[in-house]
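The chain contents come next:
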Amino acid sequence: MIIKRREFLKISSLATASLLMPSFLKSMTLDNALNPSQKILIVLQFTGGNDGLNTIIPTKNDIYFKERNKIAIQNSLALNDETGINPALSYFKELFDGGELSVLNNVGYPNPDKSHFRSMDIWHSASKSDEYLETGWLGRFLDEECYKCEHPTQALEVDDMLSLALKGENNKAFAFKDPKKLYQTSQEKYFKSLYDHDHHHDDETVSYLYQTLGSTINNADYIFEKSKAKKTTQEYPNSKLGKDFKTVSSLIKSDINTQVYYLSIGSFDTHVNQNERQEKLFGEINEAVKSFVADMKSNGLFNDILLITFSEFGRRVAQNASNGTDHGTANQMFFISGGLKKKGILNALPDLQKLNDGDLIYTEDFRKVYATILKNWLNADSSKVLGWKNGVYDFI
């Protein structure tokens, strides 16, 4: 069978929407309910380099207000005597006050890279700044956990393309935007007719696309049915992130065997008019997380949910001429859960008196954070996944 370019693009569109190895997706058809005691990790990526200094604000630091005389946050919500949070994250303030949110400051890595793409690759792969890996930290977690497993641990990304973070050597997560749309696309007559043929191709790429297409068609119905198995009564915002969290919630409450969910929002690349852009994005995050946490609490699941946030880098301390900030280095991470062992501000705020050419100097290595999550939350061997043997934190 000869496929034309247009047909090839149609096949590849559906195939890249899943981006998974067929054997991995087939494991999702096994009807194994999620262990009630199993912890669930949700990663929320702030794409584009969120400005941490206008997120967690050093309210008593004169250097901050001097270097940002036009964009400094003047009306932050107090977390303690020296620290505030951006007012657009008002629900995060509620979580903080309730002991359900922790903040780790100055997170980064040695010899930081200010390129969006390279720095994101470093965060996704948990590599050194001069090391290039083709697998991600969560992908290697899947490889490690599923090496001898009868039923592999699963991970899902709510997006059109699979991030490097979830690509392992032998196992990959499954990426999709909407369960219903995935199912509807898989049931189109054109795709069904392609799959009904017996395809043997010498070309490895074409063969892979057909394999992935077949697996997607076989399993799209399963994912769709799970997503609507237990409809939520919780109202979610009509934003992209709100819909994504609603999808995650529906799957968590079903019996799908998924332990890791991956979401993203952006872009936080605020070179111009930073405050307006950040306020809009934070507003979307605030309302989506508020609905999701309420949903999890009402179903008795919040203690076993850990939501973390990260961005590929922070911004420079001084504002630029366009009321924005340029690419920087270290940043903070949020941790939201009903099962935190330590709450609040976990370490010191950034030292604005000791900078590296105008940039913050990291004090916490992000790989130690990953190791903590793997060991303490996902019950995995972090040293095998990351090669990290320098200890872990104790906040989870």
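Below you will find a few notes about this structure.

Cut-offs used in this document
- Residues numbered from 1 in each chain as written.
- Predicted model: local features only at pLDDT ≥ 70, side-chain atom pairs only at ≥ 80, totals over all residues.
- Heavy atoms only, no water.
- 1 Å grid on protein atoms, 1.4 Å probe; cavity = no way out; pocket = protein on both sides within 12 Å on 5 of 7 lines; lining within 4 Å.
- Points joined across faces, edges and corners; volume = space filled by probe spheres on them.
- Helix = DSSP H or I, 4+ residues; strand = E, 2+ residues; numbered from the N terminus.
- Nonpolar A, V, L, I, M, F, W, Y, C, P; charged D, E, K, R; others polar.
- Core = buried A, V, L, I, M, F, W, Y, C linked by side-chain atoms within 4.5 Å.
- Buried < 20%, exposed > 50% of the residue type's maximum accessible area, 1.4 Å probe, protein only.
- Contact = heavy atoms within 4.5 Å.
- Phe/Tyr/Trp six-rings, centres within 6.5 Å; stacked < 30°, edge-to-face > 60°.
- Lys, Arg positive; Asp, Glu negative; His and termini not counted.
- Salt bridge = Lys/Arg side-chain N within 4 Å of Asp/Glu carboxyl O.

## Some remarks on empty space enclosed by the protein
Next, step 1: Here the structure, examined in full by the defined rule, presents two cavities of 30 Å³ or more.
Next, step 2: One number sums up the size of the largest cavity: a volume of about 80 Å³.
Next, step 3: As for the largest cavity, its lining consists of Gly52, Leu53, Ile56, Pro58, Asn105, Asn106, Ala330, Asn331, Gln332, Leu349, Pro350 and Leu360.
Next, step 4: Contributions of two or more residues to the lining of the largest cavity are made by strand 2 (56-58), strand 5 (101-108) and strand 10 (331-336).
Next, step 5: In terms of residue class, the lining of the largest cavity is made up of seven nonpolar, five polar and no charged.

## Some thoughts on the nonpolar core
Next, step 1: Among the nonpolar cores identified, the biggest contains 43 residues, and Ile42, Phe245, Ile285 and Val289 are the most heavily contacted of them.
Next, step 2: Ranked by residue count, the leading element in this core is helix 11 (residues 274-298), at eight residues.
Next, step 3: Apart from residues no more than four positions distant in its own chain, isoleucine 285 is found in contact with Leu44, Phe46, Phe92, Leu241, Ile265 and Phe268.
Next, step 4: Leu41, Leu138, Ile308 and Phe366 belong to the second largest nonpolar core, which has 42 residues in total.

## A closer look at the packing of aromatic side chains
Next, step 1: According to the stated counting rule, one finds 13 aromatic pairs in the structure shown.
Next, step 2: When the centroid spacing of 5.9 Å and the interplanar angle of 75° are considered together, the rings of tyrosine 109 and phenylalanine 366 count as edge-to-face. Taken together, the residues span a long stretch of sequence, with tyrosine 109 in the loop between strand 5 and helix 5 (116-125) and phenylalanine 366 in helix 12 (residues 366-377) at a distance of 257 residues.
Next, step 3: Look at phenylalanine 366 and you get buried, because its relative accessible area is 0%.
Next, step 4: The interplanar angle of 5° and the centroid separation of 3.8 Å between the aromatic rings of tryptophan 137 and tyrosine 370 together place this pair among those described as stacked.

## Focus on the side chain of arginine 118
Next, step 1: With respect to the helices and strands, arginine 118 occurs in helix 5.
Next, step 2: There is no salt bridge for the buried arginine 118, and the closest opposite charge comes from aspartate 121, which lies 4.7 Å off by N-O distance.
Next, step 3: With sequence-adjacent residues up to four places away left out, arginine 118 is seen in contact with Asp113, Ser127, Lys128, Ser129, Asp130, Glu131 and Tyr132.

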